[in-house]
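Fold and geometry: a report
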Number of protein chains: 2
Amino acid sequence: MPIFDAVDDYISEHIRDWMGELRALCAIPSVSARHEAIDPCAELVSRMLERRGFATQVTPTADGGHPIVFGRAAGANRSRKLLFYNHYDVQPPEPLDLWQSPPFDLTERDGSVFARGSKDDKGEFVCRLAALDAVRAVTGTYPCDITWLAEGEEEVGSPHLPAWIDQHESELKVDAAIWEEGGIEVDETPIVRLGARGLLYVELSVKVLARDAHSGQANLLPNAAWRLAWALAWLKAPNEKIMIPGFYDAVRPPTPREEELLREAPKGAAEVMEEFGLKELLGGVTDVNRAYFTPTCNIAGIGAGYQGEGSKTVIPAAAMAKLDFRLVPDQDPHDIHAKLRRHLDERGFGDVQIEVLGAERPGLTDADAPVVKLVAEIGEEIYGKKPRITPLTGGTTP
Amino acid sequence: MPIFDAVDDYISEHIRDWMGELRALCAIPSVSARHEAIDPCAELVSRMLERRGFATQVTPTADGGHPIVFGRAAGANRSRKLLFYNHYDVQPPEPLDLWQSPPFDLTERDGSVFARGSKDDKGEFVCRLAALDAVRAVTGTYPCDITWLAEGEEEVGSPHLPAWIDQHESELKVDAAIWEEGGIEVDETPIVRLGARGLLYVELSVKVLARDAHSGQANLLPNAAWRLAWALAWLKAPNEKIMIPGFYDAVRPPTPREEELLREAPKGAAEVMEEFGLKELLGGVTDVNRAYFTPTCNIAGIGAGYQGEGSKTVIPAAAMAKLDFRLVPDQDPHDIHAKLRRHLDERGFGDVQIEVLGAERPGLTDADAPVVKLVAEIGEEIYGKKPRITPLTGGTTP
């Protein structure tokens, strides 16, 4: 029996076991934004690796960052080293009323599983373990040395990862790293993603009064919500042009090789329009992959004053907005932060505070690297279709 | 013993009884914005009047509005009729963490009482009852016929009151009406307030997506929070100028008589600055009473997307803002609503919905009316200081 068939058989026979492991992992509400259930989740990830013969460490990060699970196992070919990256943290489950089943209780419905983290990224982690289990069961060993890095702050911009990597550089020397992203398109074509955008995530806040006031005094007292609305209107125009001076300075156009990949990549606009009930995409975008070469300024949340039912006549003393900027090659989040601060100051919004909640650089892999070719070949062998190579995706990875 | 002394003695002897009545009234969380505990509160107000010999009716209003308590009692002089206006509803108690004691549990602290409604307006209602009780105990009767109107929607703009008044016009013919407002200044000078501003309270809302999306797609998808921020920035400029065409058309300057009153009225700026921790008032206002002759556009609340701790990279599908406009003579809330709608449409914000939650006209009493003179004379007799007559206040009354 060819090895792949034996691997497939093993997977079919043991699928319920891995589903049980995924259920247990998703049951831990490891919401990094709130520092919830982080340590028990890291411990479980470590135990799952140890069960597979990995030597693991759960290493703390500086300044109360979430621990990083680091594991290593030897394989048949000791001269090749492969790294898997995953993260065990998840986004907050809100808004709760849109969940059809409890967010941390893995539920099977219509042939799919639903739980926070069942995709992005606990599901991917368990899938990789399943693949390794099957290969080891069939061949008796792992094919090469394997290094595993699972962090707990991906969803908040991995603030402590760079310093940790600096400290562990020698242990991270590998031939290739497989990241969490990738996917299969609707037409079952596998996708190989080469790059991800960077991120600057900030919370803007402004406080103008000792306490909320009655709005009969709105001639007399400043209003934090107005201050914030005006500040936001200076950041991006309704035509989506970001108005921070110098914001686009480091942005470069796609290279000729990237242009080649963009021509081959699907346009994707129709699927996105259908998913979100739109007649057209923002600014008439028709090529989704090309659009990712443009940076963004997004309001992820805003809040001030009375938001309950009916009316309350109040002047909000404080207001806040959460903003994320997706950055493209070769933008630097720290440079963008400095430019944002200067712009707000120059426009008269020195009272608007900026707290940086996440900062990551964009990252790119060479489209012609050997590992890209290898992954593409394997993809074609398994799926029977030539994979599409995407130069840059909309999201961010550390 | 002079009548006033006897009245004072009676009040001193019975103060704890009225405090008990106030405690019971404040215990009912009659939050009109949420339609909470409205009927039991109207019933209790009605019973409190009946206990004083009033013939009362709790009359429903159209379209599920909150009932109006209407009471009448005869007095010694049947040819004079005085109306008292109160409201039994209160504003929502949020933010709850700023309360030192439970909002619906009347608590005595540092010589004051604290509860939602203990001022504005349950406290004022009980004070009036106390005064009437004392006068009746001392003189055996009320001095004149008394009509009482207590409504349950003042805090949400009294939407059903105008239609009710149209239906009950004949029963409302009185010589004078005493409203809920008034006060004593820090220097113990009593204030007689002649007018109140009008109000237009609207909720703006916009929905641009079938559901929230990941912000990696911010190049592709519209963002409801951005739509709302841009729409708001078109309503009022940072110099506080309201940019709705025609908004100021009906605004008139103070009359010569109002100018005279404004000159006599205290400026009040220092007290407001101290209360809210400010170095100056908005736009350098120094005369608080004069500022009330200018209309306002106030953001009372705004909300969209993720507002919890930390970061969540989301594109909000929906966003809302609550706005109140305080209107001055001779602005009309329905006219302002129409102009707001037209302005949003013309600026490309036809997708921003407007729900009217309250609409009231400004109201003024002639400074030279006999009842104003009478109230001023009584004020001087009681407080030993000539009352200050304020032409217009910042708030709104039905």
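Remember, predicted model here, so these are calculated numbers, not experimental data. (Residues numbered from 1 in each chain as written. Chains lettered and ligands numbered in written order. Predicted model: local features only at pLDDT ≥ 70, side-chain atom pairs only at ≥ 80, totals over all residues. Heavy atoms only, no water.)

A word on the relation of the copies chain A and chain B
Relating one copy of the chain to the other requires a rotation about an axis plus a shift along that axis. Put simply, the rule reads: When the copies are overlaid, the least-squares fit takes in C-alpha atoms only where the residue has pLDDT of at least 70 in both copies. Note on contacts: a residue pair qualifies if any of its non-hydrogen atoms lie within 4.5 Å across the two residues.
Once chain A is rotated about the relating axis by 180° and shifted along it by 0.0 Å, it coincides with chain B to within an RMSD of 0.1 Å. Each copy turns onto its partner about a two-fold axis. Of the C-alpha atoms belonging to chain A, the one lying closest to the rotation axis is found on Gly303(A), 2.2 Å away. The fraction of interface residues of chain A whose copies in chain B are also interface residues reaches 99%, indicating that both copies meet through the same surface.

What about the interface of chain A and chain B?
Cut-off, in case you're wondering: Salt bridge, as used here, is a side-chain nitrogen of Lys or Arg placed within 4 Å of a carboxyl oxygen of Asp or Glu. Here a polar contact means two N or O atoms within 3.5 Å. Within protein one must be a hydrogen donor candidate and the other an acceptor candidate, and residues neighboring in sequence count only if both atoms are side-chain atoms. Secondary structure elements follow DSSP: runs of H or I of four or more residues count as helices, runs of E of two or more count as strands, with numbering from the N terminus.
On the side of chain B, 80 residues touch chain A, which itself brings 81 residues to the contact. Viewed at the interface, chain B and chain A are joined by 2 salt bridges. As a salt-bridge pair, Arg211(A) and Glu275(B) come within 2.3 Å of each other at their nearest N and O atoms. If you look at where chain A meets chain B, you find 47 residue pairs in polar contact (both at pLDDT 80 or more). Of all the secondary structure elements, the ones that give two or more residues to the side of chain A that touches chain B are β11 (198-207), β12 (213-214), α5 (224-233), α7 (269-276), α8 (288-291), β13 (298-305), β14 (314-315) and β15 (318-327) of chain A. Looking at the side of chain A that touches chain B element by element, the count peaks at 8 residues for β13(A).

Concerning helix α3 (residues 122-139) of chain A
All names here are of chain A. The criterion, for reference: In a helix, the anticipated span is given by 1.5 Å times the number of residues less one. To sort residues, take the accessible area from a 1.4 Å probe on protein chains only and compare it with the maximum for the residue type: under 20% means buried, over 50% means exposed, and anything in between is partly exposed.
An ideal rise of 1.5 Å per residue puts 26 Å on 18 residues; α3 measures up with 26 Å between its terminal C-alpha atoms. Within α3, the full set of buried residues consists of Lys122, Gly123, Glu124, Phe125, Val126, Arg128, Leu129, Ala130, Leu132, Asp133 and Ala134. As for α3, its buried residues are in contact with α1 (3-26), α2 (38-50), β3 (77-87), β6 (144-151) and β7 (176-178). Looking one or two residues beyond α3, the residue adopting positive phi is Gly140, at roughly 90°.

Focus on the sheet that holds strand β7 (residues 176-178) of chain B
Residues and elements named next belong to chain B. The line we're drawing: Being paired, for any two strands, means DSSP has found at least two bridges between them. Each axis is a line fitted through C-alpha atoms, taken for helices only over the stretch in contact, and angles between the N-to-C directions span 0 to 180 degrees.
Spatially, 5 strands are ordered β1-β2-β6-β3-β7 in an open sheet, and the strand pairing comes out mixed. The open sheet is flanked by β1 (55-59) and β7, the only strands paired with a single partner. The average angle at which neighbouring strand axes cross in this sheet is 20°, direction not considered. Relative to strand β6 (residues 144-151), strand β2 (residues 68-73) is paired through 5 bridges, and the arrangement is antiparallel.

Remarks on a nonpolar patch on the surface
Residue and element names in this part refer to chain A. Convention followed: In this analysis, a patch consists of residues with relative accessible area above 30% that form no salt bridge, clustered at 9 Å for like charges and at 5 Å for the nonpolar side chains Val, Leu, Ile, Met, Phe, Trp and Tyr. Using a 1.4 Å probe, the Shrake-Rupley method yields the accessible areas, and only the shown protein chains count as cover for residues.
Nonpolar side chains collect at one region of the surface, where Ile3, Phe4, Val138, Ile184, Leu374, Ile378, Ile382 and Tyr383 lie side by side and expose about 730 Å² of accessible area between them. Elements that contribute at least two residues to the nonpolar patch include exactly α1 and α10 (370-383). Counting residues per element, the nonpolar patch draws most heavily on α10, which supplies 4 residues. Residue placement: Leu374 occurs in helix α10.

Quick look at the pairing of strand β9 (residues 190-193) of chain B
All names here are of chain B. Where strand β8 (residues 183-184) and β9 come together, 2 bridges link them in antiparallel fashion. Considered in β9, the bridge of Gly183 is made with Ile191. Adjacent in sequence and paired antiparallel, β8 and β9 are bridged by 5 residues, among which Glu188 carries a positive phi angle near 70°.

Description of the domain arrangement of chain A
Operational definition: Segment limits for the domains were obtained from an automatic or database-derived domain assignment.
We note that the domain assignment places domain 1 (3-180) and domain 2 (198-253 + 293-360) within chain A. Spacing between the C-alpha centres of domain 1 of chain A and domain 2 of chain A amounts to 35 Å.

So, helix α2 (residues 38-50) of chain B
All names here are of chain B. In a regular helix each residue adds 1.5 Å, so 13 residues correspond to 18 Å; α2 covers 19 Å between its end C-alpha atoms and thus fits that length. Ile38, Cys41, Ala42, Leu44, Val45, Ser46, Met48 and Leu49 are the residues of α2 that are buried. The secondary structure elements touched by the buried residues of α2 are α1 (3-26), β1, β2, α3 (122-139) and β6.

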